[in-house]
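Listed here are the chains, written in short residue letters.
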Amino acid sequence: MRAIWKGAVSFGLVSIGVKLYSATEEKDIRFHQVHREDGGRIRYKRTCQVCGEEVTYDDIAKGYDIGGGEMVILTDEDFAELPLSSSRAIDVLEFVPAEQVDPILYNKAYFLEPEGTATKPYVLLRDALADSERVAIVKVALRQREQLATLRVREGVLLLNTMLWPDEIRRPDFGFLDEDLKVRPPELAMASSLIDSMAGEFEPDAFTDDYRAALQEVIDAKVEGREVVQPEEVEEAPAAAVDLMAALKASVERARSARGEAPAGGGEPTPISAARSAQKKAAEKKAAKAPARKTAEKKAAPKKAAARKAAPKKAAEGEKKPAAKKAAPKKAARKTA
């Protein structure tokens, strides 16, 4: 990582030299605008709308439109006279409970690294901040702009979170907020049950950017010269309007089933529970019939075997002994002449 800012954390009378590093990075795949015919990069020229001439950065100033076609031009000297706090200081204003800071105020995050001999006071502030279970509210000037920020501890490092100013947060102004909508207690209870059935521990690594992965695959295929085949996706038919309570009950049951939990007892069966109950009963009947058949077969088997054994014995008793063959009469001797 490359430090983007150097300065000091002003903690009472203690000054802690630090380096600032961007703590996050966007993983978006970026593209250039190119000419479709030859792939040449598209460049934009900075031209003046009045004289039509191309303008260099040295001749560009900041202008504020006051309406009616009039423009107020501000120079570097004008900005230098502004009451901006030191551009190299992070001033700690107060320490507040972390839960009092609305997450919508957070903007961008930066890591702070101790510089030179500032390691010990840095660690001292880090440990004291962690023990207090509070965050430090600070002011810092980044890129010529004063910003409100917080200091907190993350993985043993001080983390600076720049914040939006309160007047930069928009107020929601939607028509339904003025409508008198009533939620029935049973609906609220069922919705709470659904939340409980889907509760879990947040693990960021379990989630991935599928679109970016697919886009990277397309780019890799183009580089390798492969043909990119996109499988057809089957569009699901739009769901018909259903009763809110029935939908909540079915959602709760599906969430519990996904976790391997038994469905909650009582209440009217939903289409999902009715189908599963029928499948379960059919399986139980089938399982009950199978042992009955096996038992009948086992009982019948000895009888058949006994019958087989008895059959030869009876046959032996009823069979008559064959009569002894009579001796053939001796041929009379030929009379002698």
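Residues numbered from 1 in each chain as written. Predicted model: local features only at pLDDT ≥ 70, side-chain atom pairs only at ≥ 80, totals over all residues. Heavy atoms only, no water.

## A word on the overall build of the protein chain
Stage number 1. From N to C terminus, the protein chain includes six helices and nine strands.
Stage number 2. For the protein chain, buried positions account for 17% of its 337 residues.
Stage number 3. A fraction of 59% describes how many contacts in the protein chain between residues 6 or more apart in sequence connect residues 24 or more apart. (Helix = DSSP H or I, 4+ residues; strand = E, 2+ residues; numbered from the N terminus. Buried < 20%, exposed > 50% of the residue type's maximum accessible area, 1.4 Å probe, protein only. Contact = heavy atoms within 4.5 Å.)

## A look at the pattern of salt bridges
Stage number 1. Scanning the entire structure with this criterion turns up 10 salt bridges.
Stage number 2. Glu26 is paired through a salt bridge with Arg30; the nearest N and O atoms lie 3.4 Å apart. Both residues of the pair, Glu26 and Arg30, belong to the exposed class. (Salt bridge = Lys/Arg side-chain N within 4 Å of Asp/Glu carboxyl O.)

## Quick look at the pairing of strand β5 (residues 89-97)
Looking along a regular strand, one sees the side chains alternate between the two faces of the sheet.
Stage number 1. Where strand β1 (residues 5-11) lies against β5, three bridges are found, and the strand directions are parallel. For Ser10, the partnering residue across the bridge sits in β5 and is Asp91.
Stage number 2. In the sheet, β5 pairs with strand β7 (residues 134-142) via seven bridges, with the strands oriented antiparallel. Among the inter-strand pairings, Phe95 is bridged to a residue of β7, identified as Ala136. (Pairing = 2+ DSSP bridges.)

## Comments concerning a negative patch on the surface
Stage number 1. Side chains of Asp76, Glu77, Asp78 and Glu81 sit close together on the surface and give a patch of like negative charge.
Stage number 2. Among the secondary structure elements, Asp76 is positioned in helix α1 (residues 76-80). (Patch = residues over 30% accessible without salt bridge, like charges linked within 9 Å, V, L, I, M, F, W, Y side chains within 5 Å. Areas by Shrake-Rupley, 256 points an atom, 1.4 Å probe, with all protein chains shown as cover. Lys, Arg positive; Asp, Glu negative; His and termini not counted. Charge placed at Lys NZ, Arg CZ, Asp CG, Glu CD.)

## Some remarks on a nonpolar patch on the surface
Stage number 1. On the surface, a nonpolar cluster with roughly 550 Å² of combined accessible area is contributed by Tyr64, Ile66, Val72, Leu74, Phe79 and Leu82.
Stage number 2. Looking at the nonpolar patch, the elements with two or more residues in it are β3 (62-67) and β4 (70-74).
Stage number 3. Among the secondary structure elements, Ile66 is positioned in strand β3.

## Considerations on the pairing of strand β2 (residues 14-22)
Stage number 1. Alignment of β1 against β2, held across seven bridges, turns out to be antiparallel. The partner of Trp5 across the bridge, within β2, is Leu20.
Stage number 2. Taken together, β1 and the strand that follows it, β2, pair antiparallel across an intervening segment of two residues, in which Gly12 is found at a positive phi of about 65 degrees.
Stage number 3. Relative to strand β6 (residues 106-114), β2 runs antiparallel, the two being bridged by five bridges. Counted as the bridge partner of Tyr21 is Phe111 from β6.

## A few points about unusual backbone geometry
Stage number 1. Not every positive phi belongs to a glycine, and Glu133 is a case in point at roughly 55 degrees.
Stage number 2. Examined against the element boundaries, Glu133 turns out to sit in the loop between α2 (119-132) and β7.
Stage number 3. In this structure Glu133 comes out as exposed when scored by relative accessible area, which is 67%.
Stage number 4. Non-glycine residue Glu155 carries a positive phi angle of around 55 degrees.
Stage number 5. Topologically, Glu155 is positioned in the loop between β8 (145-154) and β9 (157-163).

## Details of the nonpolar core
Nonpolar side chains tend to gather and get buried jointly when the protein is soluble and globular.
Stage number 1. Core analysis: the largest hydrophobic core is formed by 20 residues, its most contacted members being Val9, Val18, Ile90, Leu112, Leu151 and Leu160.
Stage number 2. Listed by contribution, the elements that provide at least two residues to this core are β1, β2, β6, α2, β7, β8 and β9.
Stage number 3. In this structure, Leu160 is in contact with Leu20, Ile90, Lys108, Ala109, Tyr110, Leu112, Val138, Val140, Ala149, Thr150 and Leu151, ignoring residues within four places of it in sequence.
Stage number 4. If you look at the next biggest cluster of nonpolar residues, it comprises seven residues, including Val135, Ile137, Leu148 and Met163. (Core = buried A, V, L, I, M, F, W, Y, C linked by side-chain atoms within 4.5 Å.)

## A closer look at the packing of aromatic side chains
Stage number 1. Applying the stated criterion across every chain yields a total of three aromatic pairs.
Stage number 2. For the ring pair Phe174 and Phe176, a centre distance of 6.4 Å and an interplane angle of 20 degrees mean the geometry is stacked.
Stage number 3. Directly above the aromatic system of Tyr57 lies the positively charged group of Arg46, at a separation of 4.0 Å from the ring centroid.
Stage number 4. Stacked on the ring of Tyr110, the Lys or Arg Lys108 has its end atom at 5.8 Å from the ring centre. (Phe/Tyr/Trp six-rings, centres within 6.5 Å; stacked < 30°, edge-to-face > 60°. Lys NZ or Arg CZ within 6 Å of the ring centre and 35° of its normal.)

## Description of the sheet that holds β2
Stage number 1. Pairing is mixed around the closed barrel formed by seven strands, whose spatial order is β1-β2-β6-β9-β8-β7-β5. The mean inter-strand angle of the sheet, taken between neighbouring strand axes irrespective of direction, is 40 degrees. (Axes fitted to C-alpha atoms, helices over the stretch in contact; angles between N-to-C directions.)

## Regarding the side chain of Gln147
Stage number 1. Inspection of the secondary structure puts Gln147 in strand β8.
Stage number 2. For Gln147, a relative accessible area of 13% corresponds to the buried category.
Stage number 3. Ignoring sequence-local partners within four residues, the contact set of Gln147 consists of Val138, Lys139, Val140, Leu142, Thr162 and Trp165.

## A few points about the environment of Thr150
Stage number 1. Its place among the elements puts Thr150 in strand β8.
Stage number 2. Between the alpha carbons of Thr150 and Leu93 there is a distance of 9.8 Å; along the sequence they are 57 residues apart.
Stage number 3. The contacts of Thr150, once residues within four sequence positions are left out, are Tyr106, Ala136, Ile137, Val138, Leu159, Leu160, Asn161 and Met163.

## Observations concerning the confidence of the model for the protein chain
Stage number 1. Across the protein chain, the average pLDDT comes to 78, with 72% of residues at 70 or higher.
Stage number 2. Within the protein chain, no element has a lower average pLDDT than helix α6 (residues 271-318), which sits at 52, and none a higher one than β9, at 96.
Stage number 3. Throughout residues 303-307 the model reports pLDDT below 50, and contacts reaching past four residues in sequence, or to other chains, amount to zero contacts. (pLDDT = per-residue confidence, 0-100.)

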